[in-house]
Amino acid sequence: MSNLDRQATPSVCGGRGFVVAEPVRELLNPRRVPLGESTEVRRLLPNLGRRMVGAWAFVDHYGPDDIADEPGMQVPPHPHMGLQTVSWLHDGEVLHRDSLGSLQTVRPRELGLMTSGRAISHSEESPKPHARFLHGAQLWVALPDAHRHVEPHFQHHTDLPAVTAPGLTATVILGELDGAASPGTAYTPIVGADLTLTGGAEARLPLDPDFEYAVLSMSGEAEVDGVPLLPGSMLYLGCGRTELPLRALSDADLMLLGGEPFEEEIVMFWNFIGRSHEEIAQAREDWMTGSRFGDVKGYDGGRLSAPELPPVALKPRGRVR
């Protein structure tokens, strides 16, 4: 999925400047962003006070939207570099096309994982015909310097491992949780899991104290470490936890995101992650001139133009907490 913000500005993320080394309960409120003709997303990362959680650098939650009489998701071809995109659906389908020739429909609880590496372009759209409801999350994972120039590739996994407890099923989307490992390729110590809770259930999810964590509410009502979490909001949890108390006030769906704090400082602009303003400027020029990122075949429409890049390079900021 693309960042369609035409007023996009570069931001410095990563490093340990804003990592909290102890358990906290920091509620993140979303920013509403239009995505195409009929879809609006709730953007949780990057947030005003929280740029990343581990290597997770971008989180959009959308739906559930009734798109029976709407085109649904329509994201024209656009570029990515230096990151992985993670597509996760609870309702509906998304048709993925990319400049490698991949053509894949991603359905609920299936992992669509695109590693952009040095350069890729793709489009995403609701198929014709499509299901009535569309509900899901789109997430980006920043690639560490040692792997950010890998060859681009796309993975689709329908069979994912799960950790279970009474009233809880935790499907491992990426990385590892309680000994269960996703088949998706990960380049940093990380976890992404889909948590399904039945109403009234109480559980304690095992965590890695070296990871920082956040929980995104997808649907229903639940308490995370005693904090009520409503759909479309996210709770940042900091580091130093060995377990996470969960209580479902109704049937509820959550997403657990975590990983080792991302040591490197990165520059994120539009759909690019790099290490300098100059690198981002070169990527933008390469996209606008039609080189490097390839072409997406079969999409009915034009491709996205990149927003203007401010001329002044950013300086890292932040403090250790």
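Residue numbering note: each chain is counted from 1, following its sequence as written. Totals for whole chains, interfaces and linings use all residues, but because this is a predicted model, local features are given only for residues with pLDDT of at least 70 and pairs of side-chain atoms are given and counted only at 80 or more. Just so you know, side-chain values use all the structure's heavy atoms and leave hydrogens and water out.

Where an unreviewed UniProt entry is consulted, the chain appears under the name Pirin family protein, with the organism given as Streptomyces microflavus. UniProt, in its Sequence similarities (unreviewed entry) section for the chain, records the words "Belongs to the pirin family." UniProt positions are given in the numbering used here, feature names are shortened, and annotations may be inferred rather than shown by experiment.

**Focus: the UniProt feature "domain: Pirin C-terminal" (unreviewed entry) in the chain**
Mapped onto this structure's residue numbering, the UniProt feature "domain: Pirin C-terminal" (unreviewed entry) falls at residues 193-292. The annotated region residues 193-292 carries 12% helix and 51% strand content, and the separation between its end C-alpha atoms amounts to 33 Å. Strands here are runs of E lasting at least two residues and helices are runs of H or I lasting at least four, both read from the DSSP assignment and numbered beginning at the N terminus.

**Some details on the environment of H149**
Mapped onto the elements, H149 comes out in the loop between β12 (133-142) and β13 (153-157). The sequence separation of H149 and A119 amounts to 30 residues, and the corresponding C-alpha distance is 8.0 Å. Not counting the four nearest positions on each side in its chain, H149 is found in contact with G117, R118 and E279. Only heavy atoms matter for contacts: two residues are in contact if any of them lie within 4.5 Å across the pair.

**With respect to the pattern of salt bridges**
For salt bridges, the criterion is a side-chain nitrogen of Lys or Arg within 4 Å of an Asp or Glu carboxyl oxygen. In total, this model carries 17 salt bridges according to the counting rule given. A salt bridge links D253 to R109; the nearest nitrogen and oxygen atoms lie 3.3 Å apart. With a gap of 144 residues between them, D253 in strand β24 (residues 252-259) and R109 in the loop between β9 (103-106) and β10 (111-115) connect regions that are remote in the sequence. Burial status follows relative accessibility: with a 1.4 Å probe on protein chains alone, a residue under 20% of its type maximum counts as buried, one over 50% as exposed, and anything between as partly exposed. For D253, a relative accessible area of 14% puts it in the buried group. Note on R109: relative accessible area 29%, which makes it partly exposed. The shortest N-O distance in the salt bridge between R247 and E223 comes to 3.2 Å. Residue R247 is found in strand β23 (residues 243-248), and its partner E223 is found in strand β20 (residues 222-224); the two are separated by 24 residues along the sequence. Where salt bridges share partners, they join R25, D225 and R241 into one cluster.

**Considerations on the UniProt feature "domain: Pirin N-terminal" (unreviewed entry) in the chain**
Sequence positions flagged by UniProt for "domain: Pirin N-terminal" (unreviewed entry) are, in local numbering, residues 41-141. Helix makes up 0% of residues 41-141 and strand 60%, whereas the separation of the span's terminal C-alpha atoms amounts to 18 Å.

**Concerning unusual backbone geometry**
Following L45, the chain continues to P46 via a peptide bond in cis, the omega torsion being -5°. Mapping P46 onto the fold places it in the loop between β4 (39-45) and β5 (56-66). The peptide bond linking G63 to P64 adopts the cis configuration, its omega dihedral lying at 0°. Relative to the helices and strands, P64 resides in strand β5.

**Concerning the environment of P307**
As for its position among the elements, P307 is in the segment after α1 (277-288). P307 gets classed as buried once you look at its relative accessible area, which sits at 2%.

**Concerning the packing of aromatic side chains**
Between rings of Phe, Tyr and Trp, where Trp is taken as its six-membered ring, a pair exists when centres lie within 6.5 Å; planes separated by under 30 degrees are stacked, by over 60 edge-to-face, and by other angles tilted. Counting across every chain of the model gives five aromatic pairs. A ring pair is formed by F211 and Y213, whose centres lie 5.9 Å apart and whose planes are at 40°; its orientation type is tilted. With relative accessibility at 2%, the residue Y213 sits in the buried group. When the ring of W287 is compared with that of F293, the centres are 6.1 Å apart and the planes differ by 85°; the resulting orientation is edge-to-face. Under the relative-accessibility criterion, W287 is labelled buried at 1%. A relative accessible area of 1% places F293 in the buried class. An aromatic cluster is built from W270, F272, W287 and F293, whose rings are joined through pairwise contacts.

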